[in-house]
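# Structural overview for review
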Amino acid sequence: MPKLTRIYTRTGDDGTTGLVGGQRVKKNALRIEAYGTIDELSSVIGLARTALTDVLRTRPVQDIRHAHEVARELDAWLAWTQDALFNLGSDLATLPDDRWEGMPLIGTTDATALERAIDRAQQDLEPLANFILPGGSYPGAFLHQARTVCRRAERLLFTLLDTEPITPEVLRYVNRLSDALFVWSRWINHALEQPEHLWNAKTAPPELPLRSEDTNR
């Protein structure tokens with residue numbers, strides 16, 4: 001592991017950044033946008049984990065067992081996810097010819113692990129009969145946000161795939177992760193007894209309250 005003894009290098013002042021192999025590329029290159037979005041995704045997951053910590057600290061005693069079990073299990077999955085995303089970001093920051101033996105990479109078992117996690121969480125949830133809107137508890141809302149960032153990362157990866165090679169394992173993992181984040185948001189909201197907000201296709205604006213001067217006319 002490299003030691004980060006100096007945070008600023010001044011080498012990026014010209015609008016370029018360095019890949020793992022030492023190549024300099026523009027900061028707005030699609031590859032940089034892709035792994036930058038993976039980093040953004042991990043940051044939102046970090047917010048969800050912070051919110052889970054607050055749940056573990058403040059949940060009322062009488063409701064503690066199930067909510068805490070779900071929060072602890074979910075946090076373990078999110079911790080693993082952040083590690084996997086760091087590996088994925090490092091992979092994207094490395095051109096294929098610069099990979100080294102033993103480099104941490106997303107593999108076939110990672111998407112399978114997410115499928116197991118989804119199936120596990122689904123055991124506690126009722127099947128969806130309607131679309132739901134993002135929200136609920138703080139960890140649930142952050143996971144919904146993470147899901148949307150994950151979808152954006154997936155779109156960028158498929159755009160990058162038009163010009164550069166990306167392993168099928170990476171694409172499969174990111175696709176499963178967006179599904180997992182959706183289910184995890186439902187799971188923690190359910191554990192915290194937060195109702196799901198259903199999409200109302202026939203929505204109408206709220207009625208405005210009458211002002212006193214209106215009633216006197």
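Residues numbered from 1 in each chain as written. Predicted model: local features only at pLDDT ≥ 70, side-chain atom pairs only at ≥ 80, totals over all residues. Heavy atoms only, no water.

### Some details on the packing of helix 3 (residues 108-122) against helix 5 (residues 168-191)
Our working rule: Geometry is summarised by axes, namely lines fitted to C-alpha atoms with helices restricted to the contacting stretch, and by angles between N-to-C directions that run from 0 to 180 degrees. In this text, helices come from DSSP runs of H or I with a minimum length of four residues, and strands from runs of E with a minimum of two, each type numbered from the N-terminal end. Roughly parallel means an angle under 35 degrees; roughly antiparallel, over 145; roughly perpendicular, 65 to 115; everything else is oblique. A crossing counts as left-handed when the near helix is turned anticlockwise from the far one by less than a right angle, and as right-handed when that turn is clockwise. Contacts were defined at the residue level, with two residues in contact if any of their heavy atoms lie within 4.5 Å.
Where helix 3 meets helix 5, the axes come as close as 9 Å, and the angle between the chain directions of the two elements is 15 degrees. As summarised for this structure, helix 3 and helix 5 are arranged roughly parallel, according to the angle between their axes. You can see that helix 3 and helix 5 cross each other, and the crossing is left-handed. Residue-level contacts link T108, D110, A111, L114, E115, A117, I118, R120, A121 and Q122 of helix 3 to E169, R172, Y173, R176, L177, D179, A180, V183, W184, R186 and W187 of helix 5.

### Digging into a nonpolar patch on the surface
Stated formally: Patches here: salt-bridge-free residues with over 30% relative accessible area, like charges joined within 9 Å, nonpolar side chains (Val, Leu, Ile, Met, Phe, Trp, Tyr) joined within 5 Å. Residue exposure ignores everything except the shown protein chains as possible cover, and the areas themselves are Shrake-Rupley values with a 1.4 Å probe. Salt bridges are counted wherever a side-chain nitrogen of Lys or Arg sits within 4 Å of a carboxyl oxygen of Asp or Glu. Categorising residues by exposure relies on relative accessible area from a 1.4 Å probe, with only protein chains included: less than 20% of the type maximum marks a residue as buried, more than 50% marks it as exposed, and the intermediate range marks it as partly exposed.
Together, F131, L133 and W199 make up a nonpolar patch on the protein surface, roughly 350 Å² of accessible area in all. Relative to the elements of secondary structure, F131 occurs in the loop between helix 3 and strand 3 (132-133). A relative accessible area of 61% means that F131 is categorised as exposed.

### Section: the nonpolar core
To keep things clear, this is the line we draw: Nonpolar core, defined: a set of buried Ala, Val, Leu, Ile, Met, Phe, Trp, Tyr and Cys residues in which side-chain atoms within 4.5 Å join the residues together.
One finds L41, L177, L181 and W184 to be the most contacted residues of the largest nonpolar core, which totals 50 residues. Put simply, the parts of the chain that give this core at least two residues each are helix 1 (30-58), helix 2 (64-92), helix 3, helix 4 (138-161) and helix 5. Among the elements that take part in this core, helix 5 stands out by supplying 12 residues, more than any other. Excluding anything up to four places from it in sequence, L41 contacts L85, A146, V149, C150, L177 and L181.

### Brief notes about the packing of aromatic side chains
Note the cut-off: Pairing of aromatic rings covers Phe, Tyr and the six-membered ring of Trp, with a centre-to-centre limit of 6.5 Å; geometry is then stacked below 30 degrees between planes, edge-to-face above 60, and tilted otherwise.
Throughout the structure, instances matching the rule amount to five aromatic pairs. Relative to W80, the ring of W77 lies with its centre 5.6 Å away and its plane at 85 degrees, an arrangement referred to as edge-to-face. Taken as a pair, W77 and W80 lie in helix 2 at a separation of three residues, close to a single helical turn. Here W77 falls in the buried class, since its relative accessible area comes to 19%. Look at W80 and you get partly exposed, because its relative accessible area is 25%.

### Let's talk about the side chain of D91
With respect to the element layout, D91 can be found in helix 2. Given a relative accessible area of 7%, D91 falls into the buried group. If near-sequence neighbours (up to four positions away) are discounted, D91 is found in contact with R31, R99, M103, L105 and V170.

### Focus on the pattern of salt bridges
Considering all chains together, one arrives at nine salt bridges under this definition. Across the pair E73 and R120 runs a salt bridge, and its minimum N-O distance is 3.2 Å. Note that E73 is positioned in helix 2 and R120 in helix 3, a separation of 47 residues in sequence. For E73, a relative accessible area of 27% puts it in the partly exposed group. Residue classification places R120 among the partly exposed positions, given a relative accessible area of 27%. Because the salt bridges share partners, they merge into one network encompassing E73, R120 and D124.

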